[in-house]
Amino acid sequence: MCAKSILLVFGIILGLSHLSLSQDWATFQRKHITDKSNINCNNSMVGNLFLIRGQCKPINTFIYSTAATVQDICRGEQGPKNVASSRSFKLTDCIRTSDRGPPCPYRSDSQDNVICVTCQRTRPVHFVKKGRC
Ligand SMILES: *[C@@H]1O[C@H](CO)[C@@H](O)[C@H](O)[C@H]1NC(C)=O
């Protein structure tokens, strides 16, 4: 192999390890689960967690629940596999209203719904969407 292809392989491995680092249960909890009774999106969508390559994340969903209840969705599921919750949760979408920032202004849209998450080793690691998978 020439030096270029070795570099390419290293780059791919680095990229993949970064991907798996950003998709884990601890990050999922900080990004998507709240113990507040009502989220203020302008205050909650602040910090590196809600930036993608320096830009404000366009949309993020918060789940009003405990970590244990959300983890239950992935009970016994080794995955990776997308699984819908059987119960519905109170949810708030924080939707970016301008990309001037960070910090950027957000509006909120709340509803009750089931959620679809990616399960890996019995833990939610990625929020797929509101509703069924
Ligand atoms: C968030 O900030 C924007 C722009 O300052 C404002 O229009 C909006 O009402 C704020 N939302 C909340 C929930 O405070």
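Residues numbered from 1 in each chain as written. Predicted model: local features only at pLDDT ≥ 70, side-chain atom pairs only at ≥ 80, totals over all residues. Heavy atoms only, no water.

An unreviewed UniProt entry lists the chain under the name Oocytes ribonuclease, from Aquarana catesbeiana. Listed under Sequence similarities (unreviewed entry) in UniProt, the entry text for the chain is "Belongs to the pancreatic ribonuclease family." (UniProt positions renumbered as here; feature names shortened; annotations may be inferred.)

**Q** Help me understand the sheet that holds strand β9 (residues 123-130), please; the structure alone is not making it clear to me.
**A** Strand pairs in the sheet, formed through backbone hydrogen bonds, run parallel or antiparallel to each other. Spatially, three strands are ordered β5-β8-β9 in an open sheet, and the strand pairing comes out antiparallel. Strands with a single pairing partner mark the edges of an open sheet, and in this sheet they are β5 (81-84) and β9. The average angle at which neighbouring strand axes cross in this sheet is 30°, direction not considered. With six bridges connecting them, strand β8 (residues 115-120) and β9 associate as antiparallel partners. Within β9, the residue paired with V117 across the bridge is F127. Along the sheet, helix α2 (residues 25-32) contacts β8 and β9; its crossing angle with β9, the most-contacted strand, is approximately 40°. (Pairing = 2+ DSSP bridges. Helix = DSSP H or I, 4+ residues; strand = E, 2+ residues; numbered from the N terminus. Axes fitted to C-alpha atoms, helices over the stretch in contact; angles between N-to-C directions. Contact = heavy atoms within 4.5 Å.)

**Q** How do you make sense of the site of the ligand when you look at a structure like this?
**A** All residues adjacent to the ligand are N40, N42, P105 and Y106. The separation between an oxygen atom of the ligand and a polar side-chain atom of N42 is 2.3 Å. Its residues assigned to classes, the shell around the ligand comprises two nonpolar, two polar and no charged. (Near = heavy atom within 4 Å. Polar contact = N/O pair within 3.5 Å; in protein donor to acceptor, adjacent residues only side chain to side chain. Nonpolar A, V, L, I, M, F, W, Y, C, P; charged D, E, K, R; others polar.)

**Q** What exactly am I supposed to notice about the pairing of strand β4 (residues 59-64) here?
**A** One face of the sheet, then the other: side chains in a regular strand alternate in exactly this way. The element β4 is largely enclosed, with a buried count of five among its six residues. Judged from the two bridges that link them, strand β1 (residues 33-34) and β4 form a sheet pairing that is parallel. Bridged to T34 within β4 is Y64. Bridging between β4 and strand β6 (residues 89-96) involves six bridges; their strand directions are antiparallel. Note that in β6 the partner of Y64 across the bridge is K90. (Buried < 20%, exposed > 50% of the residue type's maximum accessible area, 1.4 Å probe, protein only.)

**Q** Would you explain the environment of G79 in this entry?
**A** The topology assignment puts G79 in the loop between α4 (67-71) and β5. Note: C-alpha distance between G79 and T118 (39 residues apart in sequence) is 7.8 Å.

**Q** Could you clarify how one ought to interpret the pattern of salt bridges in this entry?
**A** Opposite charge on two side chains makes pairing possible when the charged atoms of those side chains draw close. For the structure on display, the rule yields three salt bridges. The shortest N-O distance in the salt bridge between D72 and R75 comes to 2.7 Å. Using a relative accessible area of 41% as the deciding quantity, one classes D72 as partly exposed. In this structure, the salt-bridge partner of D93 is K130, at a minimum N-O distance of 2.5 Å. With D93 in strand β6 and K130 in strand β9, this pair connects stretches of sequence that are 37 residues apart. Classification of D93 by relative accessible area gives buried; the value is 4%. (Salt bridge = Lys/Arg side-chain N within 4 Å of Asp/Glu carboxyl O.)

**Q** Can you help me understand the side chain of N60 in this one?
**A** Inspection of the secondary structure assignment puts N60 in strand β4. A relative accessible area of 1% means that N60 is categorised as buried. At 2.8 Å, the side chain of N60 forms a polar contact with the side chain of K57.

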